[in-house]
Amino acid sequence: MELTDSQFKKLQTIGKRLCSTHQGVRTQLNKYHVIDNVGYFTNTHVAFKFKNGILKEDIPVSPFEQSDGYPEVARLFDGFPKGEEVKISVKDLLQQIRKERTNYKNGRWIECLNKSIDKGLIHLVVDEQTKKVELIKGAKQGAFNVDYKNLYETLLMADSLKIKEMTCYFHDGRRKDSINIRPMLLEGEKMDALLCPVRIA
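Residues numbered from 1 in each chain as written. Predicted model: local features only at pLDDT ≥ 70, side-chain atom pairs only at ≥ 80, totals over all residues. Heavy atoms only, no water.

Asks: Which residues make up the packing of aromatic side chains, and what values do they have?
Replies: This model, assessed by the stated rule, comprises five aromatic pairs. The interplanar angle of 65 degrees and the centroid separation of 5.8 Å between the aromatic rings of Tyr32 and Phe50 together place this pair among those described as edge-to-face. In this pair, Tyr32 sits in strand S1 (residues 31–35) while Phe50 sits in strand S3 (residues 46–50), placing the two residues 18 residues apart along the sequence. An identical accessibility class is assigned to Tyr32 and Phe50; each is buried. Ring centres 6.1 Å apart and planes at 20 degrees place the aromatic pair Phe41 and Phe48 in the stacked group. Exposure class is identical for Phe41 and Phe48. Each is buried. Sitting over the face of the ring of Tyr169, Lys82 holds its NZ or CZ atom 4.6 Å from the ring centroid. (Phe/Tyr/Trp six-rings, centres within 6.5 Å; stacked < 30°, edge-to-face > 60°. Helix = DSSP H or I, 4+ residues; strand = E, 2+ residues; numbered from the N terminus. Buried < 20%, exposed > 50% of the residue type's maximum accessible area, 1.4 Å probe, protein only. Lys NZ or Arg CZ within 6 Å of the ring centre and 35° of its normal.)

As structure tokens, this is what we get:
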């Protein structure tokens, strides 16, 4: 599979937004990097792995400056200890986030604008009966606390590649009754993603 023009532009747009997290100063990260026909991207908070030869060569993320070298991202995916597993629908999760987006402004939830916690966070909780991932706002023990923008951009990327379903794996060291401080892995047909949690008190 080769990227269409619209998919290429989507990669550039999402990459630019994710690189803005570090304001482009980490010049090694301002690109999609290809090793052995596998593409990688990271801003240190989220990482993507593109499979099936989707990316043929490095893609600079404009307008940021690039430099040589790239972190060894592959081992993070290859060595991930898979624990609890749940299937997610990319479009369903995107719709849930978009419903909440009207309450999101300047990096914070409207109702939390004057509070010091939960700015820009969404909490993923696995329903024990349905085994489906639910999105909630507000601190909850055992939830996977992730930055709203990182999750949203990840799902947009998957959707642009026409990925309908992904398998969500929580880290094998995860304790259900504690605040999660381990990453989460999303696996799809053409792309995988690692998302770091945000630790909250």
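Here the narrative resumes.
Asks: Run through the pattern of salt bridges, naming residues and quoting values.
Replies: The tally for this structure, following the rule as stated, stands at five salt bridges. The residue Lys82 makes a salt bridge to Glu187 at a minimum N-O spacing of 2.9 Å. Of this pair, Lys82 sits in strand S5 (residues 82–89) while Glu187 is found in strand S12 (residues 184–187), placing the two residues 105 residues apart along the sequence. For Lys82, a relative accessible area of 42% puts it in the partly exposed group. Relative accessible area serves as the criterion here: at 24%, Glu187 is assigned to the partly exposed category. (Salt bridge = Lys/Arg side-chain N within 4 Å of Asp/Glu carboxyl O.)

Asks: Explain helix H4 (residues 148–160) to me, and be specific about the residues and the numbers.
Replies: In this model, H4 (13 residues) spans 18 Å end to end at C-alpha, consistent with the 18 Å of a helix rising 1.5 Å per residue. Taking burial as the measure, the 13 residues of H4 include eleven buried ones, the bulk of the element. Along H4, the positions that sit buried rather than exposed are Tyr148, Asn150, Leu151, Tyr152, Glu153, Thr154, Leu155, Leu156, Met157, Ala158 and Ser160. Positive backbone phi, at 65 degrees, marks Lys162, one or two positions downstream of H4. (Expected span 1.5 Å × (residues − 1).)

Asks: Tell me about the side chain of Asp192, residues and numbers included.
Replies: Relative to the assigned elements, Asp192 resides in strand S13 (residues 191–195). We classify Asp192 as buried; its relative accessible area is 5%. A distance of 3.2 Å separates a polar atom in the side chain of Asp192 from the backbone nitrogen of Gly188. The contacts of Asp192, once residues within four sequence positions are left out, are Ala47, Phe48, Lys49, Lys51, Phe77, Leu185, Leu186 and Glu187. (Polar contact = N/O pair within 3.5 Å; in protein donor to acceptor, adjacent residues only side chain to side chain. Contact = heavy atoms within 4.5 Å.)

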